[in-house]
Structures are given as C-alpha cells and as structure tokens.
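Analysis of the macromolecular model
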Number of protein chains: 2
Amino acid sequence: MSTENPTGKASVRTKRADAVRNQQTLLAAAAEVFVTSGVDAPIRQIAAKAGVGMGTIYRHFPTRADLVTAVYRHQIEACADAGPRLLAEADSPFDALRRWIDLFVDFLVTKHGLADALQSDSSRFTALHTYFLDRLGPVCTELLTAAVDSGDIRPGTQPYELMRGIGNLCIGRDSDPRYDPRRLIELLLLGLRQPRQT
Amino acid sequence: MSTENPTGKASVRTKRADAVRNQQTLLAAAAEVFVTSGVDAPIRQIAAKAGVGMGTIYRHFPTRADLVTAVYRHQIEACADAGPRLLAEADSPFDALRRWIDLFVDFLVTKHGLADALQSDSSRFTALHTYFLDRLGPVCTELLTAAVDSGDIRPGTQPYELMRGIGNLCIGRDSDPRYDPRRLIELLLLGLRQPRQT
DNA sequence: CCTGAACCGGAACGTTGCTCCACATATTAT
DNA sequence: ATAATATGTGGAGCAACGTTCCGGTTCAGG
C-alpha cells in the first residue's frame, strides 16, 4: 500500500522516524482496542490508547477500513497462503475447500464485529471489502474450480458469492450463544457437494 | 400491544383522538421514509416527514424497534399465517418449507436494511428481533419438524439457527448486484435435504 | 545550524440518538 | 359553558461520534 517504501532509498525522501513510530504505536493500540470494543470502536478511543491525536490516525489511515486492513493484514495473508498449501496436502479438493473455509471462519469469528463490518452498508468499509476480495478471492476461486474439476462439488457457484455468504453467516455470532455459524456452513457445503453420479 | 384497547370503553380512559391520529400519521411517514432511507433513517427525518416533533415519536414508539415492528407487523403476520397454509397445500413438507422460506426471503429483501437491522449488534433492535422470533419461530419449528418427520430433511437443525442464518444471508443484498442470497439459500436447502436412504 | 517539508494535536463543526419539561389540547366533571 | 385534570406535544439541550482543518512542532537533508 501507499505507506510502504520497499527500498527505502532513492528519489523520494525517506519517511520520518516519528511517523513510522506513530504508525506502529497506532497499529498496536488499534489491535488492542479492537479485541475489547470491536472494529467499530470510536476513533478517539484508539487515539487515546495510542497517546496521539485523532489527526494522526487520519493521516496514517484515511479511512477506518485502512486501519482495520492494516491491523489484520498478516492474518489475511496467512489465510490466503493456506489455500494452495491445503490444496496440495489435503485428501481431496473438497477437503481442501472445507478446511480453508474453516480457517476463514475462524478468522472472522475471533475478531469482534469483523464480519459485521465487512458486509455493512455498501459505502463504509469499502476498502476492507476490496482488500478481502483481492487477496482471498483468487484463492477461493482456485479451490472452488479444483473441487468442481474433480467432480467433488456441483458447478455454478461463484467464489464471490460463497465468500460473501460465509461472511454473512458469521455476522453477530457473539450476540447469541445458540447461534453457531459453523453448523449452517456445514449444511452449505453438504449442498454444494456433488451427488456422486453412478 | 399496549396501544390497543379493543372494546374502547370501560374502566380505562379512552385514548385521545389526536394521539391515535398522530400514531397513524407516524406509521405512514415512517413506512415512506423506510423505503427511501432504510430502517436506519434518522428519527428527525421521520418526524419532519410526519410533521411532528421527535418527542411524539418517542412517546408512541419508545425504541426504534417498536416503530419498525409496527410498520411491518402486517407483513410479518402474513408470513406467519402462510406457514400452516403452505404445509396443508404443498406437495410435501419440504416443498412447504422451501416456499415459506421464499416468502421470508422476499420480505427481508424488499425492505432496505431490514435484515441488517435484525441481526445488528445484539443491543439495538432487540425488540424487533424478539418479535420476529416469537411470531415466526413457532411457524418455522412446525415446518421443520414436519419435514423431519416425513423424512424429507435430516434432523438436527434448530429453527432459530435456520431463521437467523437465512436472515444473515439476506444482509447487504443491495450493495452488490452479483450477490443473490437466494442461490446460497438454495444450496442450504439442498444440504438440509435427507439423502433418501433405501 | 538552518530551513522547509512533513507531521502532530485537538478545537470545531455537523449529524445523530435520546431525554426532559414548559406548554397546548382533549376529555370529563361541574 | 366553564373549569379541572390527564394526556399529548414540540423542540431545546446534552452527549457521543466522525471528520476536517490549521497553527504550531519536529525531523531530515544540506
């Protein structure tokens, strides 16, 4: 993203030390606040936790989605990387898909309100939505087509639709103990499964 | 609810005429605003549309959920009533379930942000959530057990879970044209279906 | 050391939910 | 008809929040 400058040298002026320090502080503070107050925590609260002004947050992360993305980038990457690996080591493409979805669900479910944020009003959090899709979409596509090609599942399901549906099912998990998205997702997978024809 | 007084006479003082008039005006205004701005429309906006003060709204509908409930009560009732009817006239319990879910989805999908509101943070909209459950829960239970008893679907799925899952899948439908909750719900039903065992 | 660019803090503004109470009005009693 | 009282109404006021903006500060390069 725009906050990185890989080589660090050359033409453009190097980033100021206090700036990168603040950015780190902010990421740490945000991560901490997110677990207790969810990704919708007031900006002021995060700023206070980090001991900086609000202006500083907006400078580094123009939208809330940018901040959330930055905080969870590592985990999203890990999930993305797991896709091809699972495809290689799992018993079947279907098994790989199932296990990848498990990972995805674990991720969404352990972050308070992440799933909620992901799907909320089209306008807010657009960047987050986009990042998820860009990074995880292709992985899902790969898993899905592999499973279709092997005849494990029926064709006709779009990766976007599947990811979004799973994301939706994970919404509001905290609010009620008798709701466990995993059971429904299991059902979904069952429906996806191709009835072995002859 | 507390706003009705069937016989209108007797012990308790009858409701003031201007009050019931305002209530009607409010319901109409709210319904109108909901279609254009969603169920999250600012209270002020609804008050303005109805030509009353905010205090009046809060008097008649203490929480936003009360207002939403009142506006959609008729349709919820209709959906609830359709359950037993479908069970009687459909080809099979599974067919009845499928058609009932269709109705449910239609309802959620045509009201901007209704599904979103239904599941949002546990705290807000509790009353709406409760009303849905109280009214539609038993119907869903009936359909579900009938389908299980007839061997159409596999046992082990809770009505609450199913309803909530369907509600979740309907969230944010407007935001993206390539997402159609119905396809996923179809998949879910497919997974629910009992593989005919000899 | 000097200077400009980058950075910082937080005041300020607009929007929203919700409460509260002086005032207005309908209903009932006289 | 008039007064008494319960009931309903309007909107100012408060708190919380997102977001912008800009005067002052601090770093990095020369």
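Coordinates for the structure precede this section.
Here is a short report on the structure shown in this document. Everything numeric here is computed off the predicted structure, so don't read it as measured data. (Residues numbered from 1 in each chain as written. Chains lettered and ligands numbered in written order. Predicted model: local features only at pLDDT ≥ 70, side-chain atom pairs only at ≥ 80, totals over all residues. Heavy atoms only, no water.)

1. Concerning the protein's contact with DNA strand D
Put simply, the rule reads: Nearness here has a simple test: a residue counts as near a molecule or strand if at least one of its heavy atoms is within 4 Å of that partner. By the criterion applied in these results, polar contacts are pairs of N or O atoms within 3.5 Å in which, for protein atoms, one can donate a hydrogen and the other can accept it, and in which residues neighboring in sequence qualify only through two side-chain atoms. Helix and strand assignments follow DSSP, with helices taken as H or I runs no shorter than four residues and strands as E runs no shorter than two, numbered in order from the N terminus. Residue classes follow a fixed rule: Ala, Val, Leu, Ile, Met, Phe, Trp, Tyr, Cys and Pro count as nonpolar, while Asp, Glu, Lys and Arg count as charged, and any other residue, Gly among them, counts as polar.
Not every one of the 24 residues close to DNA strand D is listed here, only the nearest: R44 of chain A together with R16, N22, T56 and R59 of chain B. What you see for DNA strand D is that sugar and phosphate hold 63% of its atoms within 4 Å of the protein. R16 of chain A is positioned with one of its side-chain polar atoms (N or O) 3.0 Å from a base oxygen of DNA strand D. Taken together, the elements giving at least two residues each to the surface near DNA strand D come down to α1 (17-37), α2 (43-50) and α3 (54-60) of chain A together with α1 (17-37) and α3 (54-60) of chain B. Top element by residues in the surface near DNA strand D is α3 of chain B. It accounts for 5 residues. The residue inventory of the surface near DNA strand D, partitioned by class, reads 8 nonpolar, 6 polar and 10 charged.

2. Some remarks on the protein's contact with DNA strand C
The environment of DNA strand C is formed by 24 residues, the closest being R16, N22, G55 and T56 of chain A together with R44 of chain B. Among all atoms of DNA strand C positioned within 4 Å of the protein, those belonging to sugar or phosphate total 57%. At a separation of 3.1 Å, a base oxygen of DNA strand C approaches a polar backbone atom of G55 of chain A. Between DNA strand C and the protein, one listed contact pairs a base oxygen with a side-chain N or O atom of R16 of chain B at 2.9 Å. Put simply, the parts of the chain that give the surface near DNA strand C at least two residues each are α1 and α3 of chain A together with α1, α2 (43-50) and α3 of chain B. The element that contributes the greatest number of residues to the surface near DNA strand C is α3 of chain A, accounting for 5 residues.

3. Notes on the interface of chain A and chain B
Going by this rule: Contacts between residues were defined by any pair of non-hydrogen atoms, one from each residue, lying within 4.5 Å. Once two parts are brought into contact, the accessible area they lose, counted with a 1.4 Å probe and summed over both, makes up the buried area. Each reported salt bridge corresponds to a side-chain nitrogen of Lys or Arg within 4 Å of a carboxyl oxygen of Asp or Glu.
Opposite the 25 residues of chain A that make contact, chain B presents 25 residues. Between chain A and chain B, a total of about 2500 Å² is buried, with carbon and sulfur atoms accounting for 63% of that surface. Three residues stand out in chain A for area buried against chain B, namely E161, R164 and L187 of chain A, and they jointly supply 23% of the buried area on that side. Counting every contact that joins chain A to chain B gives 2 salt bridges. Linking E161 of chain B and R183 of chain A is a salt bridge whose minimum nitrogen-to-oxygen distance equals 2.6 Å. The interface formed by chain A and chain B holds 15 residue pairs in polar contact (both at pLDDT 80 or more) in total. Taken together, the residues of the side of chain A that touches chain B sort by class into 10 nonpolar, 7 polar and 8 charged.

4. Digging into the packing of aromatic side chains
Condition: Here a Phe, Tyr or Trp ring, Trp counted by its six-membered ring, pairs with any other such ring whose centre lies within 6.5 Å, and the pair is stacked when the planes are under 30 degrees apart, edge-to-face when over 60, and tilted otherwise. Partly exposed describes any residue whose relative accessible area lies between the buried limit of under 20% and the exposed limit of over 50%, with all areas from a 1.4 Å probe on protein chains only and scaled to the type maximum. A ring is considered to have a charge above it if a Lys NZ or an Arg CZ atom is located within 6 Å of its centre and within 35 degrees of its normal.
Going through the model one piece at a time under the given rule, you end up with 10 aromatic pairs over all chains. Geometrically, the ring pair formed by F104 of chain A and F132 of chain A is tilted, given 6.4 Å between the ring centres and 55 degrees between the ring planes. On the criterion of sequence distance, the pair formed by F104 of chain A in helix α5 (residues 93-110) and F132 of chain A in helix α7 (residues 126-149) is long-range, its members being 28 residues apart. Here the two residues F104 of chain A and F132 of chain A agree in accessibility, since each one is buried. Over the face of the ring belonging to F94 of chain B we find R193 of chain B, whose NZ or CZ atom lies 4.2 Å from the ring centre.

5. Observations concerning the nonpolar core
Operational definition: We call a set of buried residues a nonpolar core when its members are Ala, Val, Leu, Ile, Met, Phe, Trp, Tyr or Cys and they connect through side-chain atoms within 4.5 Å of each other.
Judged by nonpolar contacts, the single largest core of 128 residues is most densely connected at F132 of chain A together with F132 of chain B. In contact with F132 of chain A, not counting residues within four places along its chain, are I76, F104, F107, L108, L114, L118, G137 and M163 of chain A.

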